[in-house]
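Structural overview
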Amino acid sequence: MKLSDDEIIELHDLFDGLVENNLSTKQKDRLQALLQDSEEARHFYIRFIDMSSSLKYYADEFLGDEKDIQGVKPSMSEKIIQFASPFLAIAAILTVGLYLFHTFDTATSTDSVTPSSENEIVIEFDKIITTDDSVAVLTKSVGVQWSKKTGFRPELGSTLEPSRLQIQKGLAQVEFLQGSTVILEGPVDFKILNSNEGVLSEGKLRATVPQVARGFTVNLPKGRLIDLGTEFGLNVHPGGSTEIFVYKGNVLYRGQTDSDEEVTREIAGGEALFVDPFGFANWVEMPSEAFLGTADLAFRSKEESQLRHAAWIDLSKELSQGAGTTLYYSFDNQSPWARVLQNQASSQQNNLNGAIVGCKWTEGRWPGKGALSFEKENDRVRLNLHEKLPSVTLCSWIKIDKLPDNLSPILSTHQMSSGAASWYINNKGQVVFEVFRGSNRDLYKSAVAFRKERIGKWIHVATIYDLGSKRVSHYVNGRPFSHEQIKGNIPVSFSNSQLGHLSKNSSFPENITLQGSVDEFVIFNTSRLESDIRRMYEIGCPYETANSLGPRLP
Amino acid sequence: MTSASDNRSAELVQLMMKYQRRLFAYIHTLVPSRSDADDILQETSLTICEKFKDFEIGTNFYSWACQIAYWKVRAARKKFAMSKVVFNQEVMDVISQTHGKMEEELDARHYALSRCLKKLNERDRRMVLTRYESGKNVSAAALACGRTVQGAYKALNRIRKVLFDCVTFELSMEEAK
């Protein structure tokens, strides 16, 4: 089958929609049919998608070079990891260990890019073909879970062509190009027909229609609603009955009953209409609560969360550049397949990078921020901090999904020599800092900190071990929890350590893995002030802190 | 001291370094979502490491790796249905066969693309490269270039067409030499 010019143009647009995940089911079927029938279409397709792969490769290379110029100089081993992380990380875990990352620095040169010629060609920008089938944009979403029935799952910010949105749970805001905005609340089934019209088959919708979009129409099971410049809510029940609430302005409902009677109602602000499954309309009272009022709240809380994330990014930079920061894992900006946890402390070498074994990347305190989830027997991050520290401050954001019968390790060391230290939550919910002193294990325990109400939530934990003041202090969510006198005079170390895991030893007869997630971990080689700990908690807290100034027991 | 197993590991890493991009490109043609293709590359890499002891050095590593990738994509189809794989099995098979015949051309296109990228104006180049940077999306590209998200979609559509045509033109010029 020889492709026509129109088909070639159509193919390009389909490819473009495909890589941006913007294709409707109908368009996917069309693309599939073209690829099945035409070898030429497949050639075009493979060239196009291969270009996408190459762009990904060059993006890392070109933009990586720019970062070098701007003073962020990744080491050669970091560059290798950046380009080849899936292979190298797995190779490291399965075969020869973390040292591979440092051993094969020269390997990248085998796949370098051919130098480019400088011959200019003229790219005819005037003859650019653009498409404009987009009719709406997905502008906000909170906790959206797409229906299992649908393969169309646009990302936030995606432009939408005529398509069907099937949401199982959560809230999504769609802005139509003609100006109307609708908020959909799952479970909902909504079809976008064009830039000013949709079909609500089931679920809740709230629409705000400015004057410029007057005429915005929603088709319903037994009729259609035509907006005359207003704000209204719709709820289509599974049986086909529909509630219409008008908050401002006027809308026109036109429908037909099962006995072919025409139904027309003009609904004014403050009025509500119920259309039964047979198409008959009855006036009802407006609900006392704002329809989908939760949507505003949810979107506001999302914006709040984004602001908090931005504030934390500034703090994170400060922590990474601090002179006393020995090790800092922010868990941010790491590829979802990364198996090396980057130490962000600028004063340190990369040998404090952690090797991720088993753990999965998951969402952290904010949408878009990474964290590592620990669950299976061998999940852990291996690290090696040889330095002996007379004073140390450990801080971490952790989320414990369940308290096991034994303990929940945060950081533990394999060593059993004097000074070897571990940090964990015991089965009673106490924060424990353990230090080997000769053949003794000194345990510094807090009061009970992890009760039921803290399980499944992000909690900030900090412990200071300070030989200067001979004191160990524990903090939970920024507040001091207990202080204890240090026995002995031994600096601590974390050689051969593991984050989120404790290997069996004389005290614990089995391997123990944290049942939860970690999304920030920092070790300072000094004793930090209580106000510093409090600040790290307040800025890093993913939700609003109640009564942040008053004294409060955590 | 270098043991035989260390040498084998070094060979594995070198082969992987050499073919990673091409293997990703192959998976990407079967799985158009970049993040899904990344996931499958990860799974493929794991199997390659596990089975590398069976690979005979000197034979075609890329073909061997593509076979593993192909079965990983098939497995993903069963496991994830439509979420990870867009095409039906029949279409996937014909794409895979066609891909096998285009290796040389695709390599040439890859290098031509680097030249074409340099011919874009600064704003367009930044836009398209930001879009394709790991972990970035159209919103990030829009932000980096001071455009609206809607404008960024249109611009990317245009830039991809320009780059595609430029690469085709470059190759035709090479052939004419």
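The coordinates are above.
Residues numbered from 1 in each chain as written. Chains lettered and ligands numbered in written order. Predicted model: local features only at pLDDT ≥ 70, side-chain atom pairs only at ≥ 80, totals over all residues. Heavy atoms only, no water.

Assigned secondary structure in chain A consists of seven helices and 31 strands. Pairs at least 24 residues apart make up 55% of the contacts formed inside chain A by residues separated by at least 6 positions. Carbon and sulfur atoms form 49% of the exposed surface of chain A, whose accessible area is close to 24300 Å². (Helix = DSSP H or I, 4+ residues; strand = E, 2+ residues; numbered from the N terminus. Contact = heavy atoms within 4.5 Å. Areas by Shrake-Rupley, 256 points an atom, 1.4 Å probe, with all protein chains shown as cover.)

This paragraph deals with the overall build of chain B. Of the regular secondary structure elements, chain B holds eight helices and zero strands. Scored against the burial criterion, the 177 residues of chain B give a buried share of 56%. Taking the contacts inside chain B whose residues are at least 6 apart along the sequence as the reference set, 59% of them involve residues at least 24 apart. Of the accessible surface of chain B, which amounts to about 7800 Å², a share of 52% is contributed by carbon and sulfur atoms. (Buried < 20%, exposed > 50% of the residue type's maximum accessible area, 1.4 Å probe, protein only.)

This part takes up the packing of helix α6 (residues 122-132) of chain B against helix α7 (residues 138-145) of chain B. All names here are of chain B. Their axes nearest at 8 Å, the elements α6 and α7 cross at an angle of 150 degrees. Overall, the two elements α6 and α7 adopt an arrangement that is roughly antiparallel. Crossing geometry of α6 relative to α7 is assigned as right-handed. Every residue of α7 that contacts α6 at Arg123, Arg126, Met127, Thr130 and Arg131 is listed here: Val138, Ala140, Ala141, Ala144 and Cys145. A class-by-class count of the residues in the contact of α6 with α7 yields six nonpolar, one polar and three charged. (Axes fitted to C-alpha atoms, helices over the stretch in contact; angles between N-to-C directions. Parallel < 35°, antiparallel > 145°, perpendicular 65-115°, else oblique. Left-handed = near helix turned anticlockwise from the far one by under 90°. Nonpolar A, V, L, I, M, F, W, Y, C, P; charged D, E, K, R; others polar.)

Moving on: helix α8 (residues 149-176) of chain B. The terminal C-alpha atoms of α8(B) lie 40 Å apart, and with 28 residues this matches the ideal 40 Å at 1.5 Å per residue to within 8%. The opening residue of α8(B), the one whose side-chain oxygen lies 2.9 Å from the backbone nitrogen of B:Gly151, is B:Thr148. (Expected span 1.5 Å × (residues − 1). Polar contact = N/O pair within 3.5 Å; in protein donor to acceptor, adjacent residues only side chain to side chain.)

Once that is clear, we can look at empty space enclosed by the protein. Across all of its chains, the model carries six cavities of 30 Å³ or more by this definition. By volume, the largest cavity is sized at about 70 Å³. Forming the boundary of the largest cavity are A:Asp50, B:Arg21, B:Arg22, B:Ala25, B:Tyr62, B:His99, B:Glu103, B:Leu106 and B:Asp107. The set of elements that each furnish at least two residues to the lining of the largest cavity consists of α1 (4-30) and α5 (103-119) of chain B. Class assignment of the residues belonging to the lining of the largest cavity gives a composition of three nonpolar, one polar and five charged. (1 Å grid on protein atoms, 1.4 Å probe; cavity = no way out; pocket = protein on both sides within 12 Å on 5 of 7 lines; lining within 4 Å. Points joined across faces, edges and corners; volume = space filled by probe spheres on them.)

Attention shifts here to the state of the cysteines. All names here are of chain B. Per the stated rule, a full pass over the model turns up one disulfide over all chains. A sulfur-sulfur separation of 2.0 Å characterises the disulfide bridge that pairs Cys116 with Cys166. Handedness of the Cys116-Cys166 disulfide follows from its S-S torsion of about -85 degrees: it is left-handed. With Cys116 in helix α5 and Cys166 in helix α8, this pair connects stretches of sequence that are 50 residues apart. Each of the two residues, Cys116 as well as Cys166, counts as buried. (Disulfide = S-S within 2.5 Å.)

A separate point is the pairing of strand β21 (residues 407-413) of chain A. Residues and elements named next belong to chain A. Counting buried positions along β21 yields seven of seven residues, so the element is predominantly enclosed. Bridge analysis of β21 against strand β22 (residues 421-426) gives four bridges, and the strand direction is antiparallel. Its bridge partner being in β22, Leu407 is matched across the sheet by Asn426. In this sheet, strand β28 (residues 492-499) lies alongside β21 in antiparallel orientation, the contact comprising three bridges. Within β28, the position partnered with Leu411 by the bridge is Leu499. (Pairing = 2+ DSSP bridges.)

Looking now at the sheet that holds strand β15 (residues 340-341) of chain A. Residue and element names in this part refer to chain A. The eight strands are arranged β15-β16-β19-β28-β21-β22-β23-β24 in an open sheet whose pairing can be described as antiparallel. Unpaired on one side and paired on the other, β15 and β24 (440-448) mark the two borders of the sheet. Relative to strand β23 (residues 430-437), β22 is paired through five bridges, and the arrangement is antiparallel. The residue bridging Ile425 from the neighbouring strand is Val431, located in β23.

Another aspect to go through is the packing of aromatic side chains. Residue and element names in this part refer to chain A. Tallying each qualifying case throughout the model produces 25 aromatic pairs over all chains. On the basis of an interplanar angle of 50 degrees and a centroid distance of 6.4 Å, the ring pair of Trp423 and Phe521 is categorised as tilted. Residue Trp423 is located in strand β22, and its partner Phe521 is located in strand β31 (residues 516-524); the two are separated by 98 residues in the primary sequence. Taking the relative accessible area as the measure of exposure, Trp423 reaches 0% and is therefore buried. Residue Phe521 is classed as buried on the basis of its relative accessible area of 0%. (Phe/Tyr/Trp six-rings, centres within 6.5 Å; stacked < 30°, edge-to-face > 60°.)

Residues and elements named next belong to chain A. Applying the stated rule across the entire model yields 31 salt bridges over all chains. One salt bridge connects Glu39 with Arg42, and the closest N-O pair in it is separated by 2.8 Å. One end of the pair, Glu39, and the other, Arg42, are both in helix α3 (residues 39-69), three residues apart, so they sit about a helical turn from each other. The buried category is assigned to Arg42, whose relative accessible area is 8%. (Salt bridge = Lys/Arg side-chain N within 4 Å of Asp/Glu carboxyl O.)

The next thing to look at is unusual backbone geometry. Residues and elements named next belong to chain A. Of note, the bond from Gly186 into Pro187 is cis; its omega dihedral lies within 30 degrees of zero at 5 degrees. Take Pro187: it is sitting in strand β4 (residues 181-194). Even without being a glycine, Phe331 presents a positive backbone phi close to 60 degrees. As for its placement among the helices and strands, Phe331 is situated in the loop between β14 (325-329) and β15. Judged by relative accessible area, Phe331 falls into the buried class, the value being 1%. Even without glycine at this site, Asn496 takes up a positive phi of about 50 degrees. You can see Asn496 is positioned in strand β28. Classification of Asn496 as partly exposed rests on a relative accessible area of 27%.

The subject of this paragraph is α7(B). Residues and elements named next belong to chain B. Of the positions making up α7, those classed as buried are Val138, Ala140, Ala141, Ala142 and Cys145. On its buried side, α7 packs onto α6 and α8. One or two residues past the end of α7 sits Gly146, with phi positive at roughly 65 degrees.

Bringing the nonpolar core into the picture now. Formed by 78 residues in total, the largest nonpolar core has its most connected members in B:Ile27, B:Phe61, B:Val128 and B:Leu163. Among all residues touching B:Leu163, those that are not within four sequence positions of it are A:Met51, A:Leu55, B:Leu113, B:Cys116, B:Leu117, B:Leu120 and B:Val128. Listed in part, the 45 residues of the second largest apolar core include A:Ile410, A:Trp423, A:Phe450 and A:Val518. (Core = buried A, V, L, I, M, F, W, Y, C linked by side-chain atoms within 4.5 Å.)

Residues and elements named next belong to chain A. Its place among the elements puts Asp227 in strand β7 (residues 223-227). Summary of buried charges: Asp227 has no salt-bridge partner, and the nearest side chain of opposite charge, Arg214, is 7.1 Å away. One polar contact links the side chain of Asp227 to the main-chain amide nitrogen of Thr230, over a distance of 3.1 Å. The residues contacting Asp227, other than those within four sequence positions of it, are Val209, Arg214, Gly215, Phe216, Phe232, Asn250 and Val251. (Lys, Arg positive; Asp, Glu negative; His and termini not counted.)

Turning our eyes to something else, we now look at the environment of B:Phe61. Residue and element names in this part refer to chain B. Relative to the helices and strands, Phe61 resides in helix α3 (residues 61-80). Residue classification places Phe61 among the buried residues on the basis of a relative accessible area of 3%. Sequence spacing of Phe61 and Leu12 is 49 residues, and the spatial spacing of their C-alpha atoms is 9.7 Å.

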